[in-house]
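# Coordinate inspection notes
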Amino acid sequence: MRVRFAPSPTGRLHIGGARTAIYNWAFARRHGGALVLRIDDTDPERSTEENTRAILSSLKWLGIDWDEGPEVDGGCGPYFQTQRTATYTAALTRLQEAGAVYPCFCSPEALAVKREAARTAGGFSGYDRTCCDLDAPTIAARTAAGKSHAWRLRVPDGRGDIVFTDAVRGESVFRADAMDDFVVARSDGSPTYNFATVVDDGEMEITHVIRGDDHLSNTPRQILVFEALGMAVPTFAHLSMIWGPDGKRLSKRHGAASVEDYRDLGYLPEALVNYLALLGWSLDDKTTMIDRDSLVANFSLERVSLNPAVFDAEKLDWMNGMYLRELSPGEFADRMAPHLVDAGLLSAEEVAEKQAWLLELAPLLAERVKRLDEVVPMVAFLFADSVTIDEDARVKVLEKEGAAAALDATHEALGALADFSPTAIEAALRSVPESTGIKAKIVFQSVRVAVTGSTVSLPLFESLSLLGKDRSLERIQAARSSLGD
RNA sequence: GGCCCGUUGGUCUAGCGGUGAGGACGCCGCCCUCUCAAGGCGGAAAUCACGGGUUCGAAUCCCGUACGGGCUACCA
């Protein structure tokens, strides 16, 4: 079995494209087939090399490897459509010789006018076959006169219904007479999408075309091309779209829409793959966490759902948190380090120097973070020279009865410690309520606010230990002084 | 306009003629607890879009309607 993923480099790898890639990949791996990566860059206006590079790197980041394509030689290259013009020309020649296509001299403007008219009149708005039966002399004369023409595929007269069995949707029927003679080659000779993909899918011996269902309506057209070319028609499988919360195709308008966006936000590739795999496919009635191997072992097109799925960022967050918590402290530290560096909290060298310290910090963060970018605000207090105390926290905690005395007592208890480990700190702090009679909650919260500036923070004892004795005492002292008397 | 696809709690889904319509996210409550989380337990939440059939029996099969989406380009 041979499948392909054929993104067009007109943008970054979209979340929907990523899911299509994952399904193709899983299908290929499941059946021991090959995944071909082909870059459909026939749109010169919008295709860029930068996008191509970004797409490849996103796929790699997701852990999707391909058997043939850019950077991986196979027998069917090249894998960029812009480098395959000779193939399309040859295919077009075959169609010309077979009389399966004809030149069309109609100008796009004239066609647009007719199309509009036909549409408002109600009914069929396809090409009206003006140039369908031009005789050779006419064609020669127009060409000699310098008139340019496109090539259109002639839908065979008497062609019955176009029927195919979609691997996820079942039997699909399209009436051939509702199909118009569409353009296969533009007047500049370049192939259109519906022609180039078919030629390539045929030449590359693709057996299963798994793609978004925005191509469902194109399928009968493409089948006509396969037939005209005398090539085997592959099995099609159309995946429904991924929507934003408003029921519209997911896009940047909804916020993050590309794989890169999600990477930068601190999602783990394994979480994104898991989430996407289950957005439109299910293993059974209860599996929500599925790793790569199980996905490959169980993926099937039959269990792909037909209806569009709304992308639920909250569920992705939850899932990402699950994966984050499965990481070892070392792995977590490695993954979060880039975010600390990006935020300017640490330099790359410091990351290396403070490995042990980061390893202690990691587990504290892992259980309260859903995205890696959330670590930045949580650890900011550890990097700042001093801390600005949240106004609300000051009023609700520090200015309350007993807070000042608690800070005094804490300062003294901690100051006496030689060992500034979390357990030693905990013992010291727990002794304060006993010796002073101040409620434990007030003691802990006062210290927390003094040291972190907020009523919400990482666990107190560990935070103090991570901060270090000197800086902890300084902050407690500073908070205490600010209270006066 | 024409052609095509889809419709189970707010969201992702299981279901493929007989179920108390199951699970997950989210939400609410309780427990745990130095805050926040994480974790554990429990709960609310679906007249299976609507209307007709078929059948002893329909979320499941058929038809229609509504709503949503896609295609209808010398875009992909």
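The present account deals with the structure reproduced in this document. (Residues numbered from 1 in each chain as written. Chains lettered and ligands numbered in written order. Predicted model: local features only at pLDDT ≥ 70, side-chain atom pairs only at ≥ 80, totals over all residues. Heavy atoms only, no water.)

### Here's the deal with unusual backbone geometry
Cis rather than trans, the peptide bond between Gly77 and Pro78 has omega equal to -5°. Structurally, Pro78 can be placed in the loop between α2 (49–62) and α3 (85–98). One non-glycine residue, Glu71, adopts positive backbone phi at about 70°. Assignment of secondary structure puts Glu71 in the loop between α2 and α3. Even without glycine at this site, Glu205 takes up a positive phi of about 55°. Note that Glu205 resides in the loop between α6 (193–203) and β8 (208–212). Among the residues examined, Glu205 registers a relative accessible area of 53% and is labelled exposed. (Helix = DSSP H or I, 4+ residues; strand = E, 2+ residues; numbered from the N terminus. Buried < 20%, exposed > 50% of the residue type's maximum accessible area, 1.4 Å probe, protein only.)

### Things to note about the pairing of strand β5 (residues 162–166)
Alternating positions in β5 separate cleanly, Ile162, Phe164 and Asp166 being buried on one face and Val163 and Thr165 remaining unburied on the opposite face. Here five bridges tie β5 to strand β6 (residues 170–174), and the two strands are oriented antiparallel to one another. Note on β6: the bridge partner recorded for Asp166 is Gly170. (Pairing = 2+ DSSP bridges.)

### Observations concerning the protein's contact with RNA strand B
Surveying the vicinity of RNA strand B reveals 69 residues, the closest of which are Gly123, Arg169, Arg186, Arg368 and Arg448. Between a phosphate oxygen of RNA strand B and a side-chain N or O atom of Thr42, the distance comes to 2.9 Å. Within the contact set of RNA strand B, a phosphate oxygen lies 3.2 Å away from a side-chain nitrogen or oxygen of Ser282. Listed by contribution, the elements that provide at least two residues to the surface near RNA strand B are α4 (108–121), β4 (150–153), β6, β11 (309–310), α11 (313–326), α19 (440–452) and α20 (460–467). Ranked by the residues each element gives to the surface near RNA strand B, the list is headed by α11, at five residues. Of the residues that constitute the surface near RNA strand B, the class distribution is 23 nonpolar, 19 polar and 27 charged. (Near = heavy atom within 4 Å. Polar contact = N/O pair within 3.5 Å; in protein donor to acceptor, adjacent residues only side chain to side chain. Nonpolar A, V, L, I, M, F, W, Y, C, P; charged D, E, K, R; others polar.)

### Let's talk about the pairing of strand β1 (residues 2–5)
Burial of the side chains of β1 extends over both faces: Arg2 and Arg4 are buried on one face and Val3 and Phe5 on the other. Summarising the sheet, β1 and strand β2 (residues 34–37) pair through four bridges and their orientation is parallel. For Val3, the partnering residue across the bridge sits in β2 and is Leu35.

### Quick look at the sheet that holds strand β3 (residues 101–104)
Judged by pairing direction, the sheet is antiparallel, and its three strands sit side by side in the order β3-β4-β7 without closing on themselves. At either end of the open sheet lies a strand with only one pairing partner, and these are β3 and β7 (183–185). Along the sheet, successive strands turn relative to each other by an average axial angle of 45°, direction set aside. Relative to β4, β3 runs antiparallel, the two being bridged by four bridges. The residue of β4 that forms the bridge with Val101 is Leu153. (Axes fitted to C-alpha atoms, helices over the stretch in contact; angles between N-to-C directions.)

### Notes on the packing of aromatic side chains
Overall, the coordinates contain nine aromatic pairs when judged by the stated rule. An angle of 45° between the planes, with centres 5.1 Å apart, marks the rings of Tyr23 and Phe299 as tilted. With Tyr23 in helix α1 (residues 15–30) and Phe299 in the loop between α10 (292–298) and β11, this pair connects stretches of sequence that are 276 residues apart. Grouping residues by exposure puts Tyr23 and Phe299 together as buried. One aromatic cluster is present, formed by Tyr262, Tyr267, Tyr275 and Phe311 through successive ring pairs. Of note, Arg152 hangs over the ring of Tyr127, and the distance from its end group to the ring centre comes to 3.7 Å. Across from the ring centre of Trp357, 4.5 Å away, lies the NZ or CZ of Lys354, which sits over that ring. (Phe/Tyr/Trp six-rings, centres within 6.5 Å; stacked < 30°, edge-to-face > 60°. Lys NZ or Arg CZ within 6 Å of the ring centre and 35° of its normal.)

### Observations regarding the packing of helix α18 (residues 422–436) against α20
In contact at an axis separation of 8 Å, α18 and α20 are set at 120° when each is read in the N-to-C sense. Put simply, α18 runs oblique to α20. For the pair α18 and α20, the crossing hand works out as right-handed. Contact with α18, carried on its side by Pro422, Ile425, Glu426, Leu429 and Arg430, involves Leu460, Phe461, Glu462, Leu464 and Ser465 of α20 and no other residues of that element. Among the residues making up the contact of α18 with α20, the classes are represented as six nonpolar, one polar and three charged. (Parallel < 35°, antiparallel > 145°, perpendicular 65-115°, else oblique. Left-handed = near helix turned anticlockwise from the far one by under 90°. Contact = heavy atoms within 4.5 Å.)

### Describing the layout of surface pockets
Computed from the structure, the largest pocket encloses a volume of approximately 1,100 Å³. Lining the largest pocket are 40 residues, with Pro7, Ser8, His14, Asp214 and Arg249 positioned closest to its centre. Among the secondary structure elements, those contributing two or more residues to the lining of the largest pocket are β1, α1, α6 and β8. With five residues, the single largest contributor to the lining of the largest pocket is α1. (1 Å grid on protein atoms, 1.4 Å probe; cavity = no way out; pocket = protein on both sides within 12 Å on 5 of 7 lines; lining within 4 Å. Points joined across faces, edges and corners; volume = space filled by probe spheres on them.)

### Brief notes about the pattern of salt bridges
Applying the stated criterion across every chain, the model contains 33 salt bridges. For Asp201, the salt bridge is made with Arg4, and the minimal N-O distance between the two is 2.9 Å. One end of the pair, Asp201, is in helix α6; the other, Arg4, is in strand β1, and 197 residues separate them in sequence. Judged by its relative accessible area of 2%, Asp201 falls in the buried class. With relative accessibility at 5%, the residue Arg4 sits in the buried group. Linked through salt bridges whose partners overlap, the residues forming this network are Arg4, Arg38, Asp40, Arg84, Asp200 and Asp201. (Salt bridge = Lys/Arg side-chain N within 4 Å of Asp/Glu carboxyl O.)

Any link to function would need more than the numbers given here.
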